[in-house]
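Structural features, examined
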Amino acid sequence: MSLSEAFSRSARRYDLLTRLNPGYRRELRRAAKALAHGLTNKESPVIWDLGCGTGLSTQALLDTVPDAHVIGVDASDGMLNFAREKSWPNGTEFILESVENLASNDAFDNAPDGVFAAYLLRNVPEAERTAVLTSIRELMKPGTPLVLHDYSVSESRWAQAKWTIVCFAIIIPLATLAGAKTSLFTYLWKSVLDNEATATVLQRLVQAGFHHASVTTAKGWHREVLHTYTAVNQEGLA
Ligand SMILES: C[S@@+](CC[C@H](N)C(=O)[O-])C[C@H]1O[C@@H](n2cnc3c(N)ncnc32)[C@H](O)[C@@H]1O
């Protein structure tokens, strides 16, 4: 089964399970605020929400920038179907596409004012990550911000232990109780444990041509487990 199919199969229970993850939505809003802070066009900005899933990150963006025109993009039609069923302000769109293919899809011809990607990069094959970041940057307007938000525990043994405890004591048992297939959650546990260091993500951002790349860690139990990266596309600026 492909990763997109696995996400589609778990889409029905995705929102419930994120509700059981303390701080998940709060930290999405914190990351959305980081994007809002970097926007140079603050009037009805166009924001791409890459890997939008069922729309939780889209909602965090709209909570933070209510007049934004958010375009959610995801490779899983199952996740997108749940996003589309929710109620959204005019101008919100959802497009089925892989981030690897944005440049060849006419729907992305108009450059965004900002790009957001929560829990996406880890799911892109390692060998393709820098190329994907480069292609995203090439589609952005000069001076516009990118925010990535994802787990990374490889730099801290304490973070690795916390992550394993939360997965096996909370997330996987609750997923089982909720009737979800646990395979996606064991994949989640392993993919986070194996995920690259924050320093590597920062290096990729620089290699992809972004400027001002920086990272902050989240609050509460997510501290040193969940991170928000900000960077700017300076290309084309005088
Ligand atoms: C963990 S979910 C995150 C959803 C949402 N951003 C949130 O914060 O709740 C990751 C999403 O990324 C999508 N995804 C994974 N790889 C992708 C790719 N290469 N292109 C587009 N979407 C992808 C998955 O289908 C899934 O919906």
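Residues numbered from 1 in each chain as written. Predicted model: local features only at pLDDT ≥ 70, side-chain atom pairs only at ≥ 80, totals over all residues. Heavy atoms only, no water.

**Considerations on the sheet that holds strand β3 (residues 93-96)**
Judged by pairing direction, the sheet is mixed, and its seven strands sit side by side in the order β3-β2-β1-β4-β5-β7-β6 without closing on themselves. A strand with exactly one partner marks an edge of an open sheet, and here the two such strands are β3 and β6 (211-217). Geometrically, the sheet is characterised by an average inter-axis angle of 15° between neighbouring strands, direction not taken into account. Pairing of strand β1 (residues 46-50) with strand β2 (residues 69-74), which is carried by five bridges, proceeds in the parallel orientation. Each bridged residue has a counterpart across the sheet, and for V46 the counterpart in β2 is H69. Across the face of the sheet, helix α2 (residues 24-38) comes into contact with β1, β4 (114-118), β5 (144-151) and β7 (226-233) while running at roughly 160° to β5. (Pairing = 2+ DSSP bridges. Helix = DSSP H or I, 4+ residues; strand = E, 2+ residues; numbered from the N terminus. Axes fitted to C-alpha atoms, helices over the stretch in contact; angles between N-to-C directions. Contact = heavy atoms within 4.5 Å.)

**Details of the packing of aromatic side chains**
One pass over the structure, following the stated rule, counts seven aromatic pairs. Relative to W189, the ring of F168 lies with its centre 4.9 Å away and its plane at 85°, an arrangement referred to as edge-to-face. Of this pair, F168 sits in helix α6 (residues 157-177) while W189 sits in helix α7 (residues 183-193), placing them 21 residues apart in sequence. Taken together, the ring pairs connect Y24, Y119, Y151, W163 and W221 into an aromatic cluster. (Phe/Tyr/Trp six-rings, centres within 6.5 Å; stacked < 30°, edge-to-face > 60°.)

**As for the environment of A32**
The residue A32 is located in helix α2 in this model. Filtering out sequence-adjacent residues up to four positions away, A32 remains in contact with A60, L61, T64 and F116.

**Details of the packing of α2 against helix α3 (residues 56-64)**
Relative to each other, α2 and α3 sit at 55°, their axes nearing to 8 Å. By the angle class used here, α2 and α3 are oblique. By crossing handedness, the relation of α2 to α3 is classed as right-handed. Each of Y24, R25, L28, R29, A32, K33, L35 and A36 in α2 lies in contact with α3, whose residues at this interface are L56, S57, A60, L61, D63 and T64. Considered class by class, the residues forming the contact of α2 with α3 number eight nonpolar, two polar and four charged. (Parallel < 35°, antiparallel > 145°, perpendicular 65-115°, else oblique. Left-handed = near helix turned anticlockwise from the far one by under 90°. Nonpolar A, V, L, I, M, F, W, Y, C, P; charged D, E, K, R; others polar.)

**A closer look at helix α8 (residues 198-207)**
Along α8, the residues that are buried comprise T198, V201, R204 and L205. Seen along its axis, α8 keeps its buried residues to an arc of 115°; they face one direction. Of the residues in α8, the exposed ones pointing more than 90 degrees away from the buried face are V206 and Q207. Elements in contact with the buried residues of α8: α5 (129-139), β5, β6 and β7. G209 sits one or two residues past α8 and shows a positive phi near 95°. (Buried < 20%, exposed > 50% of the residue type's maximum accessible area, 1.4 Å probe, protein only. Arc of directions from axis to C-beta.)

**Here we look at the nonpolar core**
Counting 48 residues, the largest nonpolar core has L28, I47, F116, Y151, W163 and F185 as its most contacted members. The set of elements that each furnish at least two residues to this core consists of α1 (3-19), α2, α3, α4 (77-85), β4, β5, α6 and α7. Here this core gets seven residues from one element, more than from any other, and that element is α6. Beyond its immediate sequence surroundings of up to four residues, Y151 is in contact with N21, Y24, Y119, R122, W163, L188, V192, N195, H222, V225, L226 and H227. Core analysis: the second largest hydrophobic core is formed by 26 residues, W48, M140, V201 and A231 among them. (Core = buried A, V, L, I, M, F, W, Y, C linked by side-chain atoms within 4.5 Å.)

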